[in-house]
Amino acid sequence: MAHRTEILIATLRAVALSLLCASCQAGASDDELGGGSSTTSESSSSASTSESSTSDSSSSETTTSESSSSESSSSETGDAWLTSCPSVAAPQVQAMIGFPELAEASGLVHSRTQALLWAHNDSGDVARVFAVSLAGERLATLELAGIVPFDWEALALGPGPVEGDHLYVGDIGDNAKARATIEVHRFAEPADVLAIGSEPLVIDEVDTLVLSYPGGPRDAEAMLVDPLSGELVIVTKGAETEVFRRAAPPSSGELEPLPMPNFPSAFATAADVSARGDFVAIRGYVDAFGWLRAQDQSLAAALQGEPCELPLAAEQQGEALAFDDVGLGYYTLGEGVSQPLWWYGFI
């Protein structure tokens, strides 16, 4: 949750951004607001050779994912390692979030094996994570057994102690900077979400990493897991942005400070790294930046480089950003009921 001062600053900047971006958002038709972006892209999905489809490719959600990717493919994205800042199309409404339980979205990440997003609420909710289709509908609910949330703020996907992707839920919020320790909950991503059904799936096997900062508490809302090294990285929120890590395989203990990032903003509210590991992004309430990463570079070194400016739609307290599964763009989502899920395709 943002301090009132942060929200006021962000609101003033959002008003300015909205005026600048009015023309691009005015171009979004009523069809787009109802999921028309996926309809447009379905017409070109037959030409897509992306490997983004999964074993559930017969579902309508997979069709949406493939069509969004096919619209934005280029020689510098997809299968190629990014070596220059990507050009990004104007934001389009991918879908409207169609269920009221996701009312204060704070964590967001795209599955790398299924055509869906994982999301959770900010503080105040129970310990649950939603599987969300790219049409904005809830596919499943996961409940973490024995976990009492304090301030869930971030969601990441990456390697774990056993083979397969794991979800990392960051209980890392601390507005008062009074928590002696924070927690990150890790569990294996369910392999077949469509088989879960309408009843919540209780996750009994959850590893809780208890972490502390050197020199005292910090507030944070941004977290990622390196798909290459497996290290856990936390980006703090405030006028001074700090970066900390827990080396792979992440375990409980004190976080290691990393060099200050070249982040030309303040109040980092979300972060993600592409599935390939070649592009890192950090967003605030009204702006976002990305960093190219060489194949032999650490995340910390990449964040020292010159950032690429990334567009953001005007959102209601935006605290979520997630790359897609094949490196063709990213999604963002603001807080509130029935918010638009925005798609930004690389061109």
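Small disclaimer: the values here were computed from a predicted structure and weren't measured. (Residues numbered from 1 in each chain as written. Predicted model: local features only at pLDDT ≥ 70, side-chain atom pairs only at ≥ 80, totals over all residues. Heavy atoms only, no water.)

**Q** Pulling in residues and values, what's your account of the overall build of the protein chain?
**A** When helices and strands are counted, the protein chain shows six helices and 22 strands. Across the 347 residues that make up the protein chain, the buried fraction comes to 56%. Pairs at least 24 residues apart make up 58% of the contacts formed inside the protein chain by residues separated by at least 6 positions. For the protein chain, the exposed surface amounts to about 13700 Å²; the carbon and sulfur share of it is 52%. (Helix = DSSP H or I, 4+ residues; strand = E, 2+ residues; numbered from the N terminus. Buried < 20%, exposed > 50% of the residue type's maximum accessible area, 1.4 Å probe, protein only. Contact = heavy atoms within 4.5 Å. Areas by Shrake-Rupley, 256 points an atom, 1.4 Å probe, with all protein chains shown as cover.)

**Q** Could you give me a rundown of the confidence of the model for the protein chain, with the residues and numbers involved?
**A** For the protein chain, the mean per-residue pLDDT works out to 84, and 78% of the residues sit at or above 70. Contacts from residues 1-76, a stretch scored under 50 in pLDDT, to residues over four places away or in other chains number 107 contacts. (pLDDT = per-residue confidence, 0-100.)

**Q** If you had to explain the sheet that holds strand β18 (residues 288-292) to someone new, which residues and values would you point to?
**A** The strand order across the open sheet formed by four strands is β16-β17-β18-β19, and the pairing between neighbours is antiparallel. Edge positions in the open sheet fall to β16 (270-273) and β19 (308-310), since each of these has one partner strand only. Each adjacent strand pair in this sheet contributes to an overall mean axis angle of 20°, direction not counted. Bridge analysis of β16 against strand β17 (residues 279-283) gives four bridges, and the strand direction is antiparallel. Note that in β17 the partner of Asp272 across the bridge is Ala281. (Pairing = 2+ DSSP bridges. Axes fitted to C-alpha atoms, helices over the stretch in contact; angles between N-to-C directions.)

**Q** Mind laying out the pattern of salt bridges, listing which residues take part and the relevant values?
**A** Taken as a whole and assessed by the stated rule, the structure comprises eleven salt bridges. Put simply, Glu231 and Arg245 hold a salt bridge, and the shortest N to O gap is 2.7 Å. Of the two residues, Glu231 sits in the loop between β11 (220-225) and β12 (232-236) while Arg245 sits in strand β13 (residues 243-246), which places them 14 residues apart along the sequence. A relative accessible area of 6% places Glu231 in the buried class. (Salt bridge = Lys/Arg side-chain N within 4 Å of Asp/Glu carboxyl O.)

**Q** Describe the sheet that holds strand β20 (residues 318-323), and please don't skip the residues or the numbers.
**A** Taken together, four strands build an open sheet; the order of strands is β1-β22-β21-β20 and the sheet is antiparallel. Among the strands making up the open sheet, the edge pair consists of β1 (92-96) and β20. Neighbouring strand axes in the sheet, compared pairwise and without regard to direction, differ in orientation by 25° on average. Of the pairings in the sheet, the one linking β1 to strand β22 (residues 340-345) comprises four bridges and is antiparallel in character. Within β22, the residue paired with Val93 across the bridge is Trp342.

**Q** Outline the packing of aromatic side chains, supporting the account with residue identities and numerical values.
**A** Counted according to the given criterion, the structure contains ten aromatic pairs. When the centroid spacing of 5.3 Å and the interplanar angle of 65° are considered together, the rings of Phe99 and Phe130 count as edge-to-face. Placement of the pair is Phe99 in the loop between β1 and β2 (105-110) and Phe130 in strand β4 (residues 128-133), with a sequence separation of 31 residues. In this structure Phe130 comes out as buried when scored by relative accessible area, which is 0%. Counting every residue linked through ring pairs, the aromatic cluster contains Phe279, Phe323, Tyr330, Tyr344 and Phe346. (Phe/Tyr/Trp six-rings, centres within 6.5 Å; stacked < 30°, edge-to-face > 60°.)

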